[in-house]
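If you want the building blocks of each chain, they are given just below.
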Amino acid sequence: LLDHSVIPLIGSAIGGSLVGLAHMDSPYQQQVLVWLFVLYATIVIRALLTKRCRSRFKEMGYSRPEAIRYALTTGLSGFSWGMGGLFVLDASPLAMVVTITAIQAMIMGGALTLGAYLPSFYAFSLPAILPLVVALGLKGGGTNIVLALYSAIFLVLMLDIAKRLNHSLRDVWKLTFEKEYLLSELTKANDHQKTLANTD
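The sections below set out a description of the structure shown in this document. Source: prediction; values computed, not measured.

## A closer look at the packing of aromatic side chains
Right, on to step 1. Evaluated as defined, the whole model comprises three aromatic pairs.
Right, on to step 2. Centre to centre, the rings of Trp35 and Trp81 are 5.5 Å apart; their planes meet at 75 degrees, and the pair counts as edge-to-face. On the criterion of sequence distance, the pair formed by Trp35 in helix α2 (residues 29-60) and Trp81 in helix α3 (residues 64-85) is long-range, its members being 46 residues apart. Grouping residues by exposure puts Trp35 and Trp81 together as buried.
Right, on to step 3. Consider the rings of Trp35 and Phe87, whose centres lie 6.2 Å apart with planes at 80 degrees: the pair is edge-to-face. Taken together, the residues Trp35 in helix α2 and Phe87 in the loop between α3 and α4 (93-113) connect sequence positions 52 residues apart.
Right, on to step 4. When its relative accessible area of 13% is taken as the criterion, Phe87 is described as buried.
Right, on to step 5. By the ring-pair criterion, three or more aromatic residues cluster together here, those being Trp35, Trp81 and Phe87.

## Some points on the pattern of salt bridges
Right, on to step 1. Going through the model one piece at a time under the given rule, you end up with two salt bridges.
Right, on to step 2. One salt bridge connects Lys139 with Asp90, and the closest N-O pair in it is separated by 3.7 Å. Residue Lys139 is located in helix α5 (residues 118-139), and its partner Asp90 is located in the loop between α3 and α4; the two are separated by 49 residues in the primary sequence.
Right, on to step 3. Relative accessible area serves as the criterion here: at 45%, Asp90 is assigned to the partly exposed category.

## Remarks on the packing of helix α1 (residues 6-22) against α4
Right, on to step 1. The geometry of α1 relative to α4 is characterised by a closest axis approach of 9 Å and an angle of 175 degrees between their N-to-C directions. Viewed along their axes, α1 and α4 adopt a mutual orientation that is roughly antiparallel. Residue-level inspection shows Ile7, Pro8, Gly11, Ser12, Gly15, Leu18, Val19 and Ala22 of α1 in contact with α4, the latter providing Ala95, Val98, Thr99, Ala102, Met106 and Thr113.
Right, on to step 2. In the contact of α1 with α4, the residues fall into nine nonpolar, five polar and no charged.

## Topic: the packing of α1 against α2
Right, on to step 1. Between α1 and α2, the least distance of the axes is 10 Å, while the angle of their chain directions is 175 degrees. In terms of orientation, α1 lies roughly antiparallel with respect to α2. Contacts between α1 and α2 pair Leu9, Ser12, Ala13, Gly16, Ser17, Val19 and Gly20 from the former with Val32, Trp35, Leu36, Leu39, Tyr40, Ile43, Arg46 and Ala47 from the latter.
Right, on to step 2. A breakdown of the residues in the contact of α1 with α2 according to their chemical character gives ten nonpolar, four polar and one charged.

Criteria and cut-off values
Residues numbered from 1 in each chain as written. Predicted model: local features only at pLDDT ≥ 70, side-chain atom pairs only at ≥ 80, totals over all residues. Heavy atoms only, no water. Phe/Tyr/Trp six-rings, centres within 6.5 Å; stacked < 30°, edge-to-face > 60°. Helix = DSSP H or I, 4+ residues; strand = E, 2+ residues; numbered from the N terminus. Buried < 20%, exposed > 50% of the residue type's maximum accessible area, 1.4 Å probe, protein only. Salt bridge = Lys/Arg side-chain N within 4 Å of Asp/Glu carboxyl O. Axes fitted to C-alpha atoms, helices over the stretch in contact; angles between N-to-C directions. Parallel < 35°, antiparallel > 145°, perpendicular 65-115°, else oblique. Contact = heavy atoms within 4.5 Å. Nonpolar A, V, L, I, M, F, W, Y, C, P; charged D, E, K, R; others polar.

Here it is as structure tokens:
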């Protein structure tokens, strides 16, 4: 998770810029600029927390409380994206499409980059898209309801993909640990055979 932490931050910065550009002619231009500031500040905070977390893991090894704290930092990004999703309510069709696509792209990327640790993916994806789903559903109208349902179904699919990826990674890690254990045992047995041969 930490090895691939830069990719989502870069994606978030690029996606945020595109959403900001799409909303520049909206009546909420100042709110969009504030949102962009919050999003970029969140990216910087997450980069610093990732660096801190990486150094702590090197010093102490895996720590569940530290892993949970790191997962919560992804929630900061999710919350920021969730607030940005609310701009679609009175947006132009282009801005609406760009915003929804950016949020869904971030969640899709998160399934791959954050799926290694599911609490991290949940902390990001749920606050990123649920405000959009609820806002579109409450606004009503055929198009908004369809977009809300589509986004909700998309979220369920991404949660399932992240879960499957996580199980696959766990299986790979388990096989890797078993292989390392067997190699270690084989090396010990080989060393023991050498000692016996030298003794003989």
